[in-house]
Amino acid sequence: MIEIIIIIILISALLTFYRVIKGPTLFDRIAAADSIGIMFLLVLVLLSIYFQRQIFIDVAIVYALLLFVDVLIMAKFFGR
Amino acid sequence: MEDKQGGITIFKLLGYAFVINGTFFFLVTAIAMLRFKDFYTRLHIGSKCLTGGGISILLGIIFFKGLSIYSLKLGLIIIFLVITNPVTTHALARASYYSKKSSIPKKSNLIRDDLSEKKNGGLL
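All residue numbers here refer to positions counted from 1 along the written sequence of the relevant chain. Labels are handed out in written order, letters beginning with A for the chains and numbers beginning with 1 for the ligands. A pLDDT threshold of at least 70 governs which residues receive local features in this predicted model, and a stricter bar of 80 or more applies before side-chain atom pairs are shown or counted, although totals over entire chains, interfaces and linings include all residues.

Enquirer: Just checking my understanding: could you explain the overall build of chain A for this structure?
Expert: The secondary structure listing takes helices from DSSP runs of H or I that are at least 4 residues long and strands from runs of E that are at least 2 residues long, numbered from the N terminus. Looking only at helices and strands, chain A features 3 helices and 0 strands. Reading the helices (α) and strands (β) of chain A from amino to carboxyl end gives α-α-α. Counting only C-alpha atoms and orienting by the principal axes, one finds that chain A spans roughly 45 × 25 × 10 Å. Using C-beta atoms placed from the backbone, we call a residue buried if 20 or more other C-beta atoms fall within 10 Å of its own, exposed if 12 or fewer do, and partly exposed for counts in between. Counting all 80 residues of chain A, 32% fall into the buried class. Placing a C-beta atom from the backbone of each residue, one calls two residues in contact when those atoms lie within 7 Å. For chain A, the share of sequence-separated contacts (at least 6 apart) that also reach a separation of at least 24 residues comes to 42%.

Structure, rendered in structure tokens:
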């Protein structure tokens, strides 16, 4: 059950990666990369249940915080 | 996610329903990222649908796990996702609007632009 869900989320991340490669503008690529980051965050939470390790949840929290700061700085930097 | 007691309770049923719902939303996000032809519609699907799918999957896992310190951390991720994803989406939309290089394309289906009619540059 959980393997099928992880594989479906990875397939959707692979489909979103097409927009990162072939985006018309720069902000399309940033938005698609943000979407891929949130998908990998959920994959990390699901892997924590699959391997029965609680340390992956802390990694997921720090990953979400870094993703927020990352996209905000990119929007501030490329917006000018 | 594996059941140790063997029986199916109402919480496991709710957990399966929420997790499958969230996975469906993720797949819809991926298809819409390929199909939509405007930047603002892509940003719209990346904001709403992805946040809803993530909250749904995390709520499903909380229904599986029950009340513990594990579920508290998952609830922290839910609150963080709700707060931060609209902030980044708003920052990206504002940066893309005020950027001169990538303004709105000609064959876009955006028919109204309220922000350009305001004086002294809109919401600065």
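That covers the picture; the talk isn't over yet.
Enquirer: Could you clarify how one ought to interpret the interface of chain B and chain A in this entry?
Expert: Size of an interface, as often reported, equals the accessible area lost when the parts are brought together. Across the contact, 34 residues belong to chain B and 35 residues belong to chain A. Elements with a minimum of two residues in the side of chain B that touches chain A: helix H1 (10-35), helix H2 (39-65) and helix H3 (69-98) of chain B. Of the residues forming the side of chain B that touches chain A, the biggest block, 13 residues, is contributed by H3 of chain B.

Enquirer: Where do I start with unusual backbone geometry in this structure?
Expert: Most of the time, phi is negative for any residue but glycine, and the peptide bond is trans. Residue and element names in this part refer to chain A. Not every positive phi belongs to a glycine, and Gln-52 is a case in point at roughly 60°. Tracing the backbone shows Gln-52 in the loop between helix H2 (26-51) and helix H3 (55-78). Residue classification places Gln-52 among the exposed positions, given that 8 C-beta atoms sit within 10 Å.

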